[in-house]
Amino acid sequence: MAKTLEDKQYLLRFNCDQKSHLEVLDHQVCATQCPDKDCTIFCPAEVYKWEGDRMFVGYEGCHECGSCRIGCPHQNIKWEYPKGGHGIVFRLA
Amino acid sequence: MSEKFDVIVVGAGPAGTSCAYTAAQKGLKVLLIERGEYPGSKNVMGGILYRKQLEEIIPEFWHEAPIERPVVEQRFWFLDKESMVTTSYKGLEWAKEPYNNFTVLRAKFDKWFAEKAVEQGALLINETVVTECIVEDGKVVGVRTDRPDGDVYADVVVLADGVNSLLAKQLGFHKEWKPNEVALTVMEVLKLPSKTINERFNVQNNQGVSVEMFGDATHGLLGTGFIYTNKDSINVGVGTTLSSMIKKKLKPYDLLEHVKNHPMIQPYVEGGETLEYLAHLIPEGGYNTVPKLVGDGVIVTGDAAQFVNAIHREGSNMAMSSGKIAAETIAKAKETGDFSERSLDSYRTEIYDSFIGKDLKKYKDAAHTFEENPQYFQEYVPLMNQAMNTFFTVDGTPKWDKQKKIIAKMTAGRGKIGLAKDMYKAWKAVK
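A quick note: this is a predicted structure, and the numbers were derived from the prediction, not measured.

Cut-offs used in this document
- Residues numbered from 1 in each chain as written.
- Chains lettered and ligands numbered in written order.
- Predicted model: local features only at pLDDT ≥ 70, side-chain atom pairs only at ≥ 80, totals over all residues.
- Helix = DSSP H or I, 4+ residues; strand = E, 2+ residues; numbered from the N terminus.
- Rg over C-alpha atoms; globule rule 2.2 N^0.38 Å.
- Buried ≥ 20, exposed ≤ 12 C-beta atoms within 10 Å, placed from the backbone.
- Contact = placed C-beta atoms within 7 Å.
- UniProt positions renumbered as here; feature names shortened; annotations may be inferred.
- Expected span 1.5 Å × (residues − 1).
- Nonpolar A, V, L, I, M, F, W, Y, C, P; charged D, E, K, R; others polar.
- Pairing = 2+ DSSP bridges.
- Domains from an automatic or database assignment.
- Axes fitted to C-alpha atoms, helices over the stretch in contact; angles between N-to-C directions.
- Parallel < 35°, antiparallel > 145°, perpendicular 65-115°, else oblique.
- Left-handed = near helix turned anticlockwise from the far one by under 90°.

## Describing the overall build of chain B
And then number 1: Of the regular secondary structure elements, chain B holds 16 helices and 17 strands.
And then number 2: In terms of overall size, chain B behaves like a compact globule, its C-alpha atoms giving a radius of gyration of 23 Å where 431 residues would be expected to give roughly 22 Å.
And then number 3: Expressed along its principal axes, the backbone C-alpha trace of chain B runs to roughly 80 × 50 × 40 Å.
And then number 4: For chain B, with 431 residues in total, the buried portion stands at 54%.

## Some thoughts on the overall build of chain A
And then number 1: Along chain A, the regular secondary structure elements total four helices and six strands.
And then number 2: Written out in order from the N terminus, the α and β elements of chain A read α-β-β-α-α-β-β-α-β-β.
And then number 3: Taken over the C-alpha trace, chain A has a radius of gyration of 14 Å; the compact-globule value for 93 residues is 12 Å, and the two agree within 12%.
And then number 4: Taken along its principal axes, the extent of the C-alpha atoms in chain A is 40 × 30 × 20 Å.
And then number 5: Counting only residues that meet the buried cut, chain A has 38% of its 93 residues in that class.
And then number 6: Contacts spanning at least 24 positions in sequence make up 65% of the contacts within chain A whose residues lie at least 6 apart.

## Here's the deal with the UniProt feature "domain: FixC-like C-terminal" (unreviewed entry) in chain B
And then number 1: Sites flagged by UniProt as "domain: FixC-like C-terminal" (unreviewed entry) map to residues 367–430 of chain B.
And then number 2: Secondary structure over residues 367–430 of chain B splits into 83% helix and 0% strand, and the C-alpha atoms at its two ends are 10 Å apart.

## Some thoughts on helix 1 (residues 14–25) of chain B
Residue and element names in this part refer to chain B.
And then number 1: Taking 1.5 Å of rise per residue, 12 residues should cover 16 Å, and helix 1 covers 16 Å from first to last C-alpha, within 8% of that figure.
And then number 2: Most of helix 1 is tucked away, with 12 of its 12 residues classed as buried.
And then number 3: Burial in helix 1 covers these residues: P14, A15, G16, T17, S18, C19, A20, Y21, T22, A23, A24 and Q25.
And then number 4: Immediately beyond the C-terminal end of helix 1, within one or two residues, lies G27, with a positive phi of roughly 85 degrees.

## Let's talk about the interface of chain A and chain B
And then number 1: The interface of chain A with chain B comprises 31 residues on the first partner and 47 residues on the second.
And then number 2: Partitioned by chemical class, the residues of the side of chain A that touches chain B number 17 nonpolar, eight polar and six charged.

## Details of the environment of K49 of chain A
And then number 1: With respect to the helices and strands, the residue K49 of chain A is situated in strand 3 (residues 48–50).
And then number 2: Non-local contacts of K49 of chain A, meaning those with residues more than four positions away in its chain, are made with T40, F56 and G58 of chain A.

## Points about the pairing of strand 9 (residues 139–145) of chain B
All names here are of chain B.
And then number 1: Burial of strand 9 is extensive: five of the seven residues sit out of reach of the surface.
And then number 2: One ladder, built from six bridges, connects strand 8 (residues 130–136) with strand 9; its direction is antiparallel. Bridge pairing in strand 9 links V130 to T145.
And then number 3: The turn joining strand 8 and strand 9, which pair antiparallel and follow one another in sequence, is formed by two residues; a positive phi near 50 degrees is taken by D137.
And then number 4: By the bridge criterion, three bridges tie strand 9 to strand 10 (residues 151–159) in an arrangement that is antiparallel. Along strand 10, the bridge assignment pairs V143 with V152.
And then number 5: If you look at the hairpin formed by strand 9 and strand 10, you'll find five residues sitting between the two strands, and D149 has a positive phi there, around 50 degrees.

## Concerning the domain arrangement of chain B
Residues and elements named next belong to chain B.
And then number 1: Assigned domains of chain B: these are domain 1 (4–66 + 105–175 + 289–353), domain 2 (180–283) and domain 3 (367–430).
And then number 2: Taking only C-alpha atoms into account, the centre of domain 2 sits 26 Å from that of domain 3.
And then number 3: Between domain 2 and domain 3, the contact holds eight residues from the first and seven residues from the second.
And then number 4: Here the side of domain 2 that touches domain 3 is composed, by residue class, of three nonpolar, five polar and no charged.

## Digging into the environment of Y153 of chain B
Residues and elements named next belong to chain B.
And then number 1: By the secondary structure assignment, Y153 is in strand 10.
And then number 2: A sequence separation of 148 residues divides Y153 from F5, and the C-alpha atoms of the two residues are 6.2 Å apart.
And then number 3: In this structure Y153 touches K4, V141 and G142, once residues within four positions along its chain are discounted.

## Structural notes on the packing of helix 14 (residues 375–392) of chain B against helix 15 (residues 399–411) of chain B
All names here are of chain B.
And then number 1: At a minimum axis distance of 9 Å, the contact between helix 14 and helix 15 shows a crossing angle of 170 degrees. The angle between helix 14 and helix 15 falls in the class roughly antiparallel. Within the contact between the two elements, helix 14 uses L383, Q386, A387, T390 and F391 and helix 15 uses K402, K405, I406, K409 and M410.
And then number 2: Of the residues in the contact of helix 14 with helix 15, the class split is five nonpolar, two polar and three charged.

## With respect to helix 15 of chain B
And then number 1: In a regular helix each residue adds 1.5 Å, so 13 residues correspond to 18 Å; helix 15 of chain B covers 18 Å between its end C-alpha atoms and thus fits that length.
And then number 2: A positive backbone phi angle near 80 degrees is found at G413 of chain B, which sits one or two residues after helix 15 of chain B.

## Section: the packing of helix 1 of chain B against helix 9 (residues 316–336) of chain B
Packed helix pairs are characterised by how far apart their axes lie and by the angle those axes make with each other.
Residue and element names in this part refer to chain B.
And then number 1: Two elements in contact, helix 1 and helix 9, have axes separated by 7 Å at closest approach and are oriented at 35 degrees. Between helix 1 and helix 9 lies a crossing whose hand is right-handed. Contacts between helix 1 and helix 9 involve P14, A15, G16, S18, C19, T22 and A23 on the former and, on the latter, S316, A319, M320, S322, G323, K324, A326, A327, E328, I330 and A331.
And then number 2: Looking at the contact of helix 1 with helix 9 residue by residue, the classes come out as 10 nonpolar, six polar and two charged.

## Quick notes on the pairing of strand 1 (residues 4–10) of chain B
All names here are of chain B.
And then number 1: Most of strand 1 sits inside the fold, with six of its seven residues counted as buried.
And then number 2: The pairing of strand 1 with strand 10 spans six bridges and is classified as parallel. Residue pairing in the sheet places V9 in a bridge with V158 of strand 10.
And then number 3: Bridge count between strand 1 and strand 2 (residues 30–33): four bridges; the pairing is parallel. Note that in strand 2 the partner of V9 across the bridge is L32.

## Section: the environment of F61 of chain B
All names here are of chain B.
And then number 1: Counting through the fold element by element, F61 comes out in the loop between helix 2 (51–55) and strand 4 (67–79).
And then number 2: We classify F61 as partly exposed; it has 17 C-beta atoms within 10 Å.
And then number 3: Along the chain, F61 and V189 lie 128 residues apart, while their C-alpha atoms are 24 Å from each other.
And then number 4: Those residues in contact with F61 that sit more than four places away from it in its chain are L54 and E55.

The structure is reproduced here in structure tokens:
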């Protein structure tokens, strides 16, 4: 049974695009105005990781749920759908 | 792709496919656009599909649709840390045709359903994102896709693009959802032999169980955990409002592990092999957040329209009905050739006159009440458990004394009036 997020994500199929469908609009906002960095916590795929001075966006593992767009307290995430046929491919549920 | 259609449907989920199926059946020229590799590849649901609304579109669909098990028992677990109070209903009339609801795996189901729409004559195009609606003189006349030369035109565009309806937002039909208007839900599909499922859930082959879990499943937050039994797998998941998740700094996958390892739940999931992990948002803003539903040449359906009854975990059925009503409205408009907002407005009135509008209205204050009053899940669920424990533990204490002790606990810090007020408030929110 998958325990860690890595275990869970490993089971998924992604057809990754070269280009990210997620974009942090202003990295300064993350650095200076967002002490809590909620997106690094509530994102169900841990797409967002704070690397000390900059937000890393691992869009390749994104479930396209939309939580980051709605949950970012600074509306600082530009969220689009990946190009047609790209992104996550659910096989079961 | 420069030809013109009667209807373009954006999104091949329950709403979009129902619309495409019904419109094609009525002889309309339909284009159904899906962004995923195949219909269902982007769609997630806990797993309960209601019979009634799909039956109105495809009679006796259960003979051919890829359903998992008809649900014969609905269980409700009120969890404390190491105990639970339960209630349930099991009825064998649900094990027989025409059934009440089924568990389904959406990637399989949606694919099948879209194929049925294609059989009716709809044209399905996968792997295509609609990037915007083409608007001319204030009227939606088509869609722009991410394909080369990807503009397509139609009399009416139906938005069935799900909870993240960027298109309805672009048209100004609603503002961005707030974190308390969506529920973030994660789940795993766990493979288990059907024999094990039958034994653990006390059912036979072709009989399924749904379990909804409150209280400690979400650490007392507004939300639920669930287990639904498939043929040879189970779906176990948990969700809370995104706002609760943010406020409590919860990682959704940690919450899922908490559920899977809860001593009341663990025996049911033990030994399951994880096949897939899925995350999705559920629109749970309810009646007050339903966007503008109709414009010139455009109709909004399903999750994009916030058609979800979170209290009864109904959504895909509302999506299907809304898609069907949209198709019927367009077919009627086609007779006069008038696709203006005024002409299509009967969609809106029909929705509000149907079970969709009425049920959303009934529960319009429920989410707000439970979010603003966390005592229901955080305090009353543990109190229920403690009350049962006190009453049923035989320790020589007279039952009258036990009763007094229970009432003292229930009213501690709030008094009898406070307790009565809380009960009234909860009743009022769902009455």
